[in-house]
Every structure is written in C-alpha cells, then in structure tokens.
Number of protein chains: 2
Amino acid sequence: MVFYIIGLGLGDEKDISVKGLEIVKKCDEVYLEHYTSILGVQKEKLEELYGRQIIMADREMCEEGIDTILENLSKTPEKNVAFLVVGDPFCATTHSDVQLRAIQLGIKVEIVHNASIINAIGCTGMQVYRFGETISIPFFTEKWRPYSFYEKIKKNREMGLHTLCLLDIKVKERTDENILKGKKIYEPPRFMSCKTAVEQLLEAEEKIAGKAFSKETKCVGVARVGFSDQLIRSGQMSDFLNIEMGPPLHSFVICADELHPIEEDMYKFYNQNSQKKDE
Amino acid sequence: MVFYIIGLGLGDEKDISVKGLEIVKKCDEVYLEHYTSILGVQKEKLEELYGRQIIMADREMCEEGIDTILENLSKTPEKNVAFLVVGDPFCATTHSDVQLRAIQLGIKVEIVHNASIINAIGCTGMQVYRFGETISIPFFTEKWRPYSFYEKIKKNREMGLHTLCLLDIKVKERTDENILKGKKIYEPPRFMSCKTAVEQLLEAEEKIAGKAFSKETKCVGVARVGFSDQLIRSGQMSDFLNIEMGPPLHSFVICADELHPIEEDMYKFYNQNSQKKDE
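Chain A goes by diphthine methyl ester synthase in an unreviewed UniProt entry, where it is assigned to Tetrahymena thermophila. Check the Sequence similarities (unreviewed entry) section of the UniProt entry for chain A; it says "Belongs to the diphthine synthase family."

This is the structure we're talking about:
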C-alpha cells in the first residue's frame, strides 16, 4: 500500500509529470484536493487522460475525512491511493500534515513534485532567489480588515527583496447566517483580483503610513500562470487599479526598489505589453 | 517557429510533464542546459523517452552560442527548438536572459514549468512561505573565502524565516594555470556536500561572530530531492559534520528558531530517521 501525493502543476491536465501519470493510472482510488487552488480545466479532462474516476476532496474531506481514507488504506495492503494537489504537494501546510498522518499509520508515502506559484513566479522575470517571505492577502470584510501582511512587505523591501502576494480564494464558504442556522448552503466561489489586492494594499499603507510602499512602487501582476492564456503585466502599483487581468487565479508581486539588469529588462518588457493592450 | 523552454523537474527522465514530452517529441532540435544543475539520469535515458537526439549545452553554449541558435531559428519559420532545463525554466537568471534575446529576435517563446528546489524544498516540512532570501554557498579556496551569505542568513533569522542554501556546483571549470595557458582542460565536476557547507558556515560564524546562528541551530539537509534515493535528515548544524548524505546534489536549510507545530513534527520525524540510520 502506497499513498502517493502528486503535484499537478498549474495549468491543465497535461501538466502532470509522466511519472505522475503512470502512478495515477495504476492507483485504486484517486482524490483531487480542490480548495487551496484551482486548475484551468474541469475534472472530466483529468479523468479522460488518467482513465480513472476522480473523487473531489474539499476542505472538510482533507481535514476530517482524510483519517478514514488513510485508516482504510492501512488495512488494505494491496491498495494504492493517489492524492492529487494543484501545484506542488507541499504548497499547503495541510499536505505535510496528511503525509505525517499517513506515515504514523505505517503507510508508505511517495511524493511527485511539480511546479507551483512559489517557483513559477519566476516567469515575471523577478529572480526567485530574491523573494522574501510570501504573504497572503485575505478578502477584507466590513468588520475584518487585517493589515498583518503590511509589516512583512515592509521588512522584505527593507532587505531589498521582492514579495509574492497570494490572493484570497473562497471556495465552499458559508455566510455567518447560514453557519449559525447550521445550513450547509455554500456561497459561489470568489477569487481575489490584482485590482482588489491593490485597493487593500493601498488602504493598509494609508492607514499605517509606514512607507512600506507607495502608489509608484513597481509591481508585476500575473493571471492564470501556466495556462494557455496566461497574462503578465508590470506597472506601478496604482496602475493595477485599471489593468484588467481577466479570469482567476491572480497573483501579485511587489518588487524591491532596486532591480537587477535582467529584472529591469523583463519589467520593461511586460510594461510595454501593458501599454499596448491598454491603448 | 517557437522556442520552448521546458523544465525537466528534479529527478529522472519521467519528471518531464506530459505537455513537455509532447512538445519535445515534435521539436527539430533539442538542447539540454547542464551546468546550473544535474539530473539523476544520463542523457541517453532522456533520448530514449523523447525519441530525439539531445545536444548538451554547457555554459559557453548557453552564454555565447545561444545567439547563433536563436538567429538560425529566427530565419527558419517552420522550425521548433526545445531548450531543456533541469528544474524550472526560471531557476537561473540565464534563462530569463535567453527568453528576452529570443523575443527580441521576433521568436515566439513558450514556457513549460516544473518543480525546482525552490518549491520542492517543502519536502523538508519547512513551509515554503516562510523562507527568506535564498543564498548560495561557494566553494572556499585558500585565498577566496567570501562570507557574503552570512548577513543574509542573519537577516532571515531575525525575521523568523528559514534560509535555503544552494550549494556550489563546479562543472567544466579550469584551473587558473590552464586558463592562463589558454588550455581547454577541464577539472572533474565537484558538488558541495552538506558537510562542507556546514564547515564553511561555522567558519563564517567564528570569524564574524555576529550570532547569526550557532552549532545548535536546527537545520535540515536534503540530498537528491526528487530522485528515487532522496534523503532528508534534520539535526543541529554541527550534526551535519558527521551525517553522510551520499552522492550529489545536496541542499541545506537553516531553520528559523521558532518552528510551527507541523514543522516541528516534520523536524522530529527526519531527526528520528537520522538517529536510526546513524546507529
């Protein structure tokens, strides 16, 4: 019995590795974790390529249901299970936790790595070695407007580092009202755009006024990295209030003040493209 | 005409994505960049899977010869070229540069992402979002012992972040004597081990005495990430003077002082394994 955690990469069904595909094809059960990120294709496309039925694993299943899956597996020596993850297996804390739980049950765990936004963000031209701590920007609500990302950006920029901002994803969320009423009614999925991220970033800078960054700070926005219609645009932070990046997922880079020569060239390249498409 | 830059991932010939493999099979020329990293298999294995002959591209070819390759391509509209890179296409500055040069010649460039050490290092259990600037540790020589990595580690640790240390690779290097004599005689390849890295790290701490870290600082060493014989061991920094990690490539993580609960569990897990194998 082996529990395989397999990264699917960032784009479509064909971003799985040859090794990953061979493994999926021989597994008895195939789960797809789909609440920390999304792929650019429907699960039917994956099922067609894999020749396997896919069980969609939402947050509940990954956090609570996983124990049952693993316990069953530990009692079935001839069975192999694949747990598919968008990006790389270790792009979410949950997956290290799943790995540990499996090992504790005496199950052999094998990992198949793939691209994730953490390294694919190099497509912006900003060097992956020059990124500081990664931050997450959550959707602000009327009452909850946490600026905890602000100090991290400030420290990164003081150290001359870029900041990768992961933008909020809300999948299978319930309203406070429905939670109180115990109703399992889910809101439609929401994905934060670069525009919303910049609105919230500028609000944080206005409130805290710690000069972590400004409207003029160089930034790069990316949408659908690894998809066939991937979009990369660079500009000053406030430019992104008017740049339309299209469908999700978006991610955002706040650059260090000083760019290396090749970074500068790449920044200009994606800036020219921004200009062209805006005209 | 398209110039494809394709990441091969970290392990063997089967870590290429299904998409990448389909592209390589239809390309007229296939180059493999092989001086910034190494794969766990010989090029013959790749050629067998791809059904294509592979041209090995060393540093000279990537930095000087690439212009000729691109110029030829720009004059041949019906031709497609694949440029294969161990890891992800953007794990080395050189590849952004190659991309720009191609675009400037009017060549369409397509990127196929894959895993690289930057995100696969999550296999240590240390969260990829909590890493600061990545550092490189070069082989010290008698006269050249640069400690420039030291301040970066210090800053990362002051911010409560982990540090990924990339360890030196010397491929196709010439001695000063042979360079002076103009002789193209190359030294055998050298790959820095975790042990050597720790010797140099502790030397830097002893000389600078800035308390960036100590012999007791928690660390994780990895060898051959993504290979079938991958090894992960954790321990205090000085433990790695005695831990045998085996063949290359090695990478090294200097942990933040405070570990999150799952990080702590993973640290203990790889530490127990270290103990067992040492006994």
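Now that the structure has been shown, we can carry on.
S.K.: Residues and numbers for helix α6 (residues 149–158) of chain A, please.
M.R.: Residue and element names in this part refer to chain A. Every buried residue belonging to α6 is among F149, Y150, I153, N156 and R157, and all of these are buried. Each buried residue of α6 lies within a common arc of 130 degrees when the element is viewed along its axis, so the set occupies one face. Next to the buried residues of α6 lie β6 (135–137), β7 (163–167), α8 (194–208) and β12 (250–254). Two residues or fewer after α6 comes G160, characterised by a positive phi angle close to 75 degrees.

S.K.: Kindly report on the pattern of salt bridges, identifying the contributing residues and their values.
M.R.: For the coordinates displayed, the defined rule picks out 34 salt bridges over all chains. Here D168(A) makes a salt bridge to K170(A), at a shortest N to O gap of 3.6 Å. Of the charged contacts in the structure, one is a salt bridge between K195(B) and E199(B), with a shortest N-O distance of 3.3 Å. Placement of the pair is K195(B) and E199(B) together in helix α8 (residues 194–208), with a separation of four residues, close to one helical turn. Its relative accessible area of 37% is what places K195(B) among the partly exposed residues. Look at the salt bridges and you will find they share partners, linking D12(A), D15(A) and K19(B) into a network.

S.K.: Could you give an account of the interface of chain A and chain B, naming the residues involved and the relevant values?
M.R.: In this assembly, 48 residues from chain A lie in contact with 48 residues from chain B. Taken together, both faces of the contact between chain A and chain B bury some 4,400 Å²; the carbon and sulfur share is 63%. Linking chain A with chain B are six salt bridges. The salt bridge involving D12(A) is made with K19(B); its shortest N-O contact spans 3.4 Å. At the surface where chain A touches chain B, the tally comes to 21 residue pairs in polar contact (both at pLDDT 80 or more).

S.K.: Please provide a residue-by-residue account of the UniProt feature "domain: Tetrapyrrole methylase" (unreviewed entry) in chain A, values included.
M.R.: In the numbering adopted here, UniProt assigns the feature "domain: Tetrapyrrole methylase" (unreviewed entry) to residues 3–236 of chain A. Each end of residues 3–236 of chain A is marked by a C-alpha atom, and these two atoms are 45 Å apart; helix forms 34% of the span and strand 21%.

S.K.: With reference to specific residues and values, describe the domain arrangement of chain A.
M.R.: Residues and elements named next belong to chain A. Taken as a whole, chain A is organised into domain 1 (2–115) and domain 2 (118–278). Relative to domain 2, the C-alpha centre of domain 1 lies at a distance of 28 Å. Summed over both partners, the interface of domain 1 with domain 2 comes to about 920 Å²; 63% of that surface belongs to carbon and sulfur atoms. The largest contributions to the domain 1 side of the interface with domain 2 come from L10, I38 and E60, which together make up 44% of the buried area. Inspection of the region where domain 1 meets domain 2 yields zero salt bridges.

S.K.: Could you give an account of the relation of the copies chain A and chain B, naming the residues involved and the relevant values?
M.R.: Mapping chain A onto chain B calls for a screw motion: a turn of 180 degrees about the axis and a shift of 0.0 Å along it, with 0.0 Å RMSD after fitting. Given the turn and translation reported, the copies of this chain are related as if by a two-fold rotation axis. Here 100% of the interface residues in chain A have copies in chain B that are interface residues too; the copies meet face to matching face.

S.K.: Tell me about the packing of aromatic side chains, residues and numbers included.
M.R.: Geometrically, a pair of aromatic rings is defined through the distance of the ring centres and the angle of the planes. Following the criterion strictly, the structure yields 12 aromatic pairs over all chains and no others. For the pair Y150(B) and F213(B), a centre-to-centre distance of 5.7 Å together with 55 degrees between the ring planes defines the contact as tilted. Linking Y150(B) in helix α6 (residues 149–158) with F213(B) in the loop between α8 and β10 (218–223), this pair joins segments that are 63 residues apart in sequence. For the residue pair Y150(B) and F213(B), the accessibility class agrees, reading buried in each case. Cluster of aromatic residues (ring-pair linked, three or more members): F140(A), Y147(A) and F149(A). Here the guanidinium or amino end of K218(B) rests over the ring plane of Y267(B), the centre of that ring lying 5.2 Å away.

S.K.: Kindly report on the side chain of N156(A), identifying the contributing residues and their values.
M.R.: For N156(A), the location among the structural elements is in helix α6. In this structure, N156(A) is in contact with G132(A), E133(A), L161(A), H162(A), T163(A) and M159(B), ignoring residues within four places of it in sequence.

S.K.: Before we move on, could you go through the sheet that holds β6(A) and cite the residues and values that matter?
M.R.: Residue and element names in this part refer to chain A. Strand order in this open sheet of five strands is β6-β7-β12-β10-β11, and the pairing throughout is mixed. For this open sheet the edge positions go to β6 and β11 (231–236), each flanked by a neighbour on one side alone. Sheet twist, expressed as the average angle between the axes of neighbouring strands with direction ignored, equals 25 degrees. Looking at chain direction, strand β10 (residues 218–223) and β12 are connected through five bridges and run antiparallel. Directly across from V222, in β12, lies its bridge partner S251. Lying on the sheet, α6 is in contact with β6, β7 and β12; it crosses β6 at an angle near 140 degrees. Of the strands in this sheet, β6, β7, β10 and β12 are in contact with α8, which crosses β12 at around 40 degrees.

Analysis parameters
Residues numbered from 1 in each chain as written. Chains lettered and ligands numbered in written order. Predicted model: local features only at pLDDT ≥ 70, side-chain atom pairs only at ≥ 80, totals over all residues. Heavy atoms only, no water. UniProt positions renumbered as here; feature names shortened; annotations may be inferred. Buried < 20%, exposed > 50% of the residue type's maximum accessible area, 1.4 Å probe, protein only. Helix = DSSP H or I, 4+ residues; strand = E, 2+ residues; numbered from the N terminus. Arc of directions from axis to C-beta. Contact = heavy atoms within 4.5 Å. Salt bridge = Lys/Arg side-chain N within 4 Å of Asp/Glu carboxyl O. Buried area = accessible area lost by both parts, 1.4 Å probe. Polar contact = N/O pair within 3.5 Å; in protein donor to acceptor, adjacent residues only side chain to side chain. Domains from an automatic or database assignment. Least-squares fit on C-alpha atoms with pLDDT ≥ 70 in both. Phe/Tyr/Trp six-rings, centres within 6.5 Å; stacked < 30°, edge-to-face > 60°. Lys NZ or Arg CZ within 6 Å of the ring centre and 35° of its normal. Pairing = 2+ DSSP bridges. Axes fitted to C-alpha atoms, helices over the stretch in contact; angles between N-to-C directions.

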